[in-house]
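What the coordinates show
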Amino acid sequence: MCCAGLKCEMFEKQGFHGTTAEEAEGILKTGFNIVENEDLYLGDGAYFFIDGIGNPCEDALDFATNVKKMKNPVVVRADISAEKESVLNLCSVEGAKLFKKFKELFYDKRGAEKGKMDDGKIINYLVGEMEFETKIVISSRCVKLKKEDARTQIPNCIFCCVKNKDCISNEQLVTYGG
């Protein structure tokens, strides 16, 4: 955390979230919910696509349509910001090494469940063990957004998982699907 009187370096991005029109209405009224679910890719949080590989607005719409199978999805855009030191960037070598270290500690402590993905559980464990608050986790991933994505494992998008609701502002409906 930044000390009083010092200027913090900030992480600032626009995030895009694909959802139903009904859920978007609730988001626009009360903001995003931080979902508690360790089975999600990056653990608990509100999920967004951000720039870096593809078009994050299109990625959010494709995710809602092709992965979540929503009919006539919409995309909500939001401003995401936090002090850079509270962002865990798993796209960086440093972030990947930290994840690897905590993965080993996690398995030493809890063991592995057969057939389950543990990334979200490990991220939640890592965030809980950090000496400072981790507000945002960033990771690249290959998601089957389109038919042709099923034939590759190279990342095609960047996920941003926001752990602290205070990091999300200025929610706006930006596009309709279907």
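Predicted model only: the values in this text are computed from it and were never measured.

**Section: the packing of aromatic side chains**
Applying the stated criterion across every chain yields a total of nine aromatic pairs. On the basis of an interplanar angle of 65° and a centroid distance of 4.8 Å, the ring pair of F32 and F48 is categorised as edge-to-face. With a gap of 16 residues between them, F32 in the loop between helix 1 (21–30) and strand 2 (46–50) and F48 in strand 2 connect regions that are remote in the sequence. Residue class for F32 comes out buried when judged on its relative accessible area of 3%. You can call F48 buried: its relative accessible area is 1%.

**Points about the side chain of K163**
Counting through the fold element by element, K163 comes out in the loop between strand 6 (157–162) and strand 7 (168–176). Buried charged residue K163 carries no salt bridge. Nearest counter-charge: D44, at 6.0 Å. A polar side-chain atom of K163 sits 2.7 Å from the main-chain carbonyl oxygen of L42. When residues no more than four places from it in sequence are discounted, the contact partners of K163 are I34, L42, G43, D44, I123, N124, V127, T134, K135, I136 and V137.

**Quick notes on the packing of helix 3 (residues 93–110) against helix 4 (residues 119–129)**
Put simply, helix 3 and helix 4 touch, their axes get as near as 9 Å, and they point 100° apart. In this view, helix 3 runs roughly perpendicular relative to helix 4, as classed from their interaxial angle. Along its contact with helix 3, which presents L98, F99, F102, K103, L105, F106, Y107, K109 and R110, the element helix 4 presents D119, K121, I122, I123, Y125, L126 and E129.

**Quick word on the pattern of salt bridges**
Evaluated as defined, the whole model comprises eight salt bridges. Notably, a salt bridge pairs D51 with K13, separated by 2.9 Å at the nearest N-O pair. A residue pair is termed long-range when its members are at least 10 positions apart, and D51 in the loop between strand 2 and helix 2 (56–67) and K13 in strand 1 (residues 10–19) qualify at 38 residues. When its relative accessible area of 41% is taken as the criterion, D51 is described as partly exposed. Note that K121 and D118 form a salt bridge whose closest N and O atoms lie 3.9 Å from each other. Given the relative accessible area of 4%, K121 is considered buried. Three or more residues joined by partner-sharing salt bridges are found here, namely D39, D118 and K121.

Parameters and conventions
Residues numbered from 1 in each chain as written. Predicted model: local features only at pLDDT ≥ 70, side-chain atom pairs only at ≥ 80, totals over all residues. Heavy atoms only, no water. Phe/Tyr/Trp six-rings, centres within 6.5 Å; stacked < 30°, edge-to-face > 60°. Helix = DSSP H or I, 4+ residues; strand = E, 2+ residues; numbered from the N terminus. Buried < 20%, exposed > 50% of the residue type's maximum accessible area, 1.4 Å probe, protein only. Lys, Arg positive; Asp, Glu negative; His and termini not counted. Salt bridge = Lys/Arg side-chain N within 4 Å of Asp/Glu carboxyl O. Polar contact = N/O pair within 3.5 Å; in protein donor to acceptor, adjacent residues only side chain to side chain. Contact = heavy atoms within 4.5 Å. Axes fitted to C-alpha atoms, helices over the stretch in contact; angles between N-to-C directions. Parallel < 35°, antiparallel > 145°, perpendicular 65-115°, else oblique.

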